[in-house]
Amino acid sequence: MGPFSPFPRLHPATQACHPSFARLLRECPPYAHAVQAARLALLPPPETEDAIAHNGHAVFLKLTYGLPAAHRERGIMLEEAFRPLLLMATEHLDALPDFTPDLPPHAAERIVQAYVAVHWVRGAQAAAMALYNGPA
């Protein structure tokens with residue numbers, strides 16, 4: 001995305017605010033591994049991290065509507081919507097196999113899933129923060 005992207009670039013992970021989110025970014029497979037894993041799993045190559053994050057941002061905005069005006073209540077609702085996404089991406093990372101050039105297809109698919117889940121959450125996190133800080 002360009003310099004006026006609707007969500008901030010949070011690389012390196014040390015810039016992330018929450019330790020769980022920083023771990024996602026730190027342990028996410030690189031794009032090159034995700035592309036090679038997709039080839040081994042006979043899947044189409046994944047989109048770039050920015051494209052996936054943009055999609056996560058857009059979908060999270062669409063799914064979180066009717067937020068209360070008070071910041072505390074709004075934060076609670078956004079946390080409830082975001083937490084399952086964070087947990088799902090963490091589960092994908094926990095099941096991540098070591099990358100090798102001869103991965104079996106099911107293991108290679110897990111690398112692609114982890115890559116996509118992490119960057120989708122990156123976009124959703126940016127959307128959640130924008131909704132939290134935005135006007136009611």
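No experiment lies behind these values; they were computed from the predicted model shown.

**Q** Describe the overall build of the protein chain, listing the residues and the values that go with them.
**A** In terms of helices and strands, the protein chain carries five helices and zero strands. Starting at the N terminus and ending at the C terminus, the protein chain contains elements arranged as α-α-α-α-α. Within the span of the protein chain, comprising 136 residues, buried residues form 38% of the whole. Look at the contacts in the protein chain between residues 6 or more apart in sequence, and 75% of them connect residues 24 or more apart.

**Q** Give a detailed account of the confidence of the model for the protein chain, specifying residues and quantitative values.
**A** Looking at the protein chain, pLDDT values average 87 and 87% of them are 70 or higher. When pLDDT is averaged over each helix and strand of the protein chain, the minimum, 88, is found for helix H1 (residues 19-27) and the maximum, 96, for helix H2 (residues 31-40). Confidence over residues 1-14 falls short of pLDDT 50; this stretch has 29 contacts with residues more than four positions distant or in other chains.

**Q** Outline the packing of helix H3 (residues 49-63) against helix H5 (residues 105-133), supporting the account with residue identities and numerical values.
**A** The description of two helices packed together rests on the angle between their axes and the distance between the axes. Across the interface, H3 lies against H5 with an axial gap of 7 Å and an inter-helix angle of 45 degrees. By the angle class used here, H3 and H5 are oblique. When you trace H3 past H5, the crossing you get is right-handed. Facing H3, whose interface residues are Glu49, Asp50, Ile52, Ala53, Asn55, Gly56, His57, Val59, Phe60 and Leu61, H5 presents Tyr115, Val116, His119, Trp120, Arg122, Gly123, Ala124, Ala126, Ala127, Ala128 and Leu131.

**Q** Provide a residue-level description of unusual backbone geometry, including the pertinent values.
**A** Located in the positive-phi region is Leu42, a residue other than glycine, with phi close to 60 degrees. Considering the arrangement of structural elements, one finds Leu42 in the loop between H2 and H3. Looking at Leu42, the relative accessible area reads 77%, which means it is exposed.

Reading guide: rules and limits
Throughout, residues of each chain are indexed from 1 in the direction in which the sequence is written. Only residues with pLDDT of at least 70 get local features here, since the model is predicted, and only at 80 or more are side-chain atom pairs given and counted; chain-wide, interface and lining totals rely on the full set of residues. Only hydrogens and water are set aside; all other atoms, that is, all heavy atoms of the structure, feed into the side-chain values. Going along the chain from the N terminus, every DSSP run of H or I of four or more residues is numbered as a helix, and every run of E of two or more is numbered as a strand. Only protein chains enter the accessibility calculation, which uses a 1.4 Å probe. A residue is then buried if its area is under 20% of the maximum for its type, exposed if over 50%, and partly exposed in between. Contact criterion: two residues are considered in contact whenever any of their non-hydrogen atoms come within 4.5 Å of each other. Confidence scores here are pLDDT values: one per residue, from the predictor, ranging 0 to 100. Angles run from 0 to 180 degrees between N-to-C directions of axes, and those axes are lines fitted to C-alpha atoms, restricted for helices to the stretch in contact. Any angle between 65 and 115 degrees counts as roughly perpendicular, while under 35 counts as roughly parallel, over 145 as roughly antiparallel, and the rest as oblique. Two helices that cross are described as forming a left-handed crossing if the nearer one is turned anticlockwise from the farther one by less than a right angle, and a right-handed crossing if clockwise.

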